[in-house]
Amino acid sequence: PTAAGRAATGRVVNGWTFWRLANGGQLSDLRSAYLGTSGDSKSLYELFWCEVLERIRVTAPDWGHTSSSGTASRIALPYGASAARYSLSLLIKGPTVDLEFATTDGQANQDEYEKYVAHRDRLEELFGAPLSWEPLDNLTSCRIRYAHPLGDEVTITDHRDELIDWFVSSALRLRSSTQAVRA
């Protein structure tokens, strides 16, 4: 629905809230009723992230885990030091897996980020795909991002199983690759 909304309007819209039903309700209401989430996006996210986290726990039992399954469009997983975190997000532009350097110390974030920039080719080789390198000028944070190749065409409802597979494999690959370079 988001891609259709963009095609219809020529701008980015949230297709689930843009399209209206004959009764005036939003398309998201119909989706929620179908999924049994009673119109509660928090429940939809929580169910989704619970499944992602359970699959990560089974695959990588040594990875420390977030204390919450998340009721928002993103969750964070530990990096192994306070300097960074792994972030899994469902953004309007599409799903992403990031290594974020986002402490309150902008210089420390930049320094940690630059350690990876120095090994960019090796990290991308280990990961198996190009990554987006984002120093985020004028902000205190930096990140290394892997975005889903289909962008906003992939949704939590229409592509649930594929999206869970993508988040799990991408998060594990990014963690493995960054930890190998970090060592």
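Preceding block: the structure.
Computed from a predicted structure; not experimentally measured.

Now for helix α5 (residues 106–117). The first and last C-alpha atoms of α5 sit 16 Å apart over 12 residues, in line with the 16 Å expected at 1.5 Å per residue. The set of residues buried in α5 consists of Asn 109, Glu 112, Tyr 113 and Tyr 116. For α5, the angular spread of the buried residues around the axis is 100°, confining them to a single face. Looking at where α5 begins, the residue whose side-chain oxygen comes 3.1 Å from the main-chain nitrogen of Gln 107 is Asp 105.

Further remarks concern the packing of aromatic side chains. For the structure shown, the criterion picks out 11 aromatic pairs. Between the aromatic rings of Phe 48 and Trp 49, the centroid separation amounts to 5.1 Å while the plane-to-plane angle is 70°, which identifies the pairing as edge-to-face. Looking at Phe 48, the relative accessible area reads 0%, which means it is buried. Look at Trp 49 and you get buried, because its relative accessible area is 0%. In this structure, Arg 173 is placed above the aromatic ring of Tyr 146, and the distance from its NZ or CZ to the ring centre is 5.5 Å. Taking the ring centre of Tyr 79 as reference, the NZ or CZ of Arg 182 above it sits at 4.2 Å.

A few words now on the sheet that holds strand β5 (residues 142–147). An order of β1-β2-β3-β5-β4 is seen for the five strands of this open sheet, with the pairing classed as antiparallel. Each having just a single partner strand, β1 (74–78) and β4 (132–134) make up the two edges of the open sheet. The average angle at which neighbouring strand axes cross in this sheet is 20°, direction not considered. Contacts from α5 reach β3 (94–101), β4 and β5 within the one sheet, and its direction differs from that of β5 by about 50°.

On the secondary structure map, Ile 92 appears in the loop between β2 (85–91) and β3. Each C-alpha atom of the pair Ile 92 and Thr 2 lies 8.9 Å from the other, and the pair is 90 residues apart in sequence.

It is worth spelling out the packing of helix α6 (residues 120–127) against helix α7 (residues 160–182) at this point. Running from N to C, α6 and α7 cross one another at 145°; their axes reach a closest spacing of 9 Å. Every pair of crossing elements has a handedness; the one defined by α6 and α7 is right-handed. Note on element contacts: α7 touches α6 through Ser 170, Arg 173, Leu 174, Ser 177, Thr 178, Ala 180 and Val 181, opposite Arg 122, Leu 123, Leu 126 and Phe 127. Of the residues that constitute the contact of α6 with α7, the class distribution is six nonpolar, three polar and two charged.

Attention now goes to the pairing of β5. Here β3 pairs with β5 via six bridges, running antiparallel. When the bridges of β5 are listed, Leu 99 appears paired with Ile 144. Here β4 pairs with β5 via three bridges, running antiparallel. Its bridge partner being in β5, Trp 133 is matched across the sheet by Ile 144.

On to the pattern of salt bridges, then. A full pass over the atoms with the stated rule returns 10 salt bridges. For Arg 145, the salt bridge goes to Asp 98, with nearest N and O atoms at 2.8 Å. Linking Arg 145 in strand β5 with Asp 98 in strand β3, this pair joins segments that are 47 residues apart in sequence. The buried category is assigned to Asp 98, whose relative accessible area is 0%. Linking Glu 124 and Arg 120 is a salt bridge whose minimum nitrogen-to-oxygen distance equals 3.7 Å. Note that Glu 124 and Arg 120 are positioned in helix α6 at a spacing of four residues, about one turn of the helix. When its relative accessible area of 18% is taken as the criterion, Glu 124 is described as buried. A cluster of three or more residues bridged by salt bridges with shared partners is formed by Arg 74, Arg 85 and Glu 100.

Definitions and limits used
Residues numbered from 1 in each chain as written. Predicted model: local features only at pLDDT ≥ 70, side-chain atom pairs only at ≥ 80, totals over all residues. Heavy atoms only, no water. Helix = DSSP H or I, 4+ residues; strand = E, 2+ residues; numbered from the N terminus. Expected span 1.5 Å × (residues − 1). Buried < 20%, exposed > 50% of the residue type's maximum accessible area, 1.4 Å probe, protein only. Arc of directions from axis to C-beta. Polar contact = N/O pair within 3.5 Å; in protein donor to acceptor, adjacent residues only side chain to side chain. Phe/Tyr/Trp six-rings, centres within 6.5 Å; stacked < 30°, edge-to-face > 60°. Lys NZ or Arg CZ within 6 Å of the ring centre and 35° of its normal. Pairing = 2+ DSSP bridges. Axes fitted to C-alpha atoms, helices over the stretch in contact; angles between N-to-C directions. Contact = heavy atoms within 4.5 Å. Left-handed = near helix turned anticlockwise from the far one by under 90°. Nonpolar A, V, L, I, M, F, W, Y, C, P; charged D, E, K, R; others polar. Salt bridge = Lys/Arg side-chain N within 4 Å of Asp/Glu carboxyl O.

The values are spatial; any link to function lies outside them.
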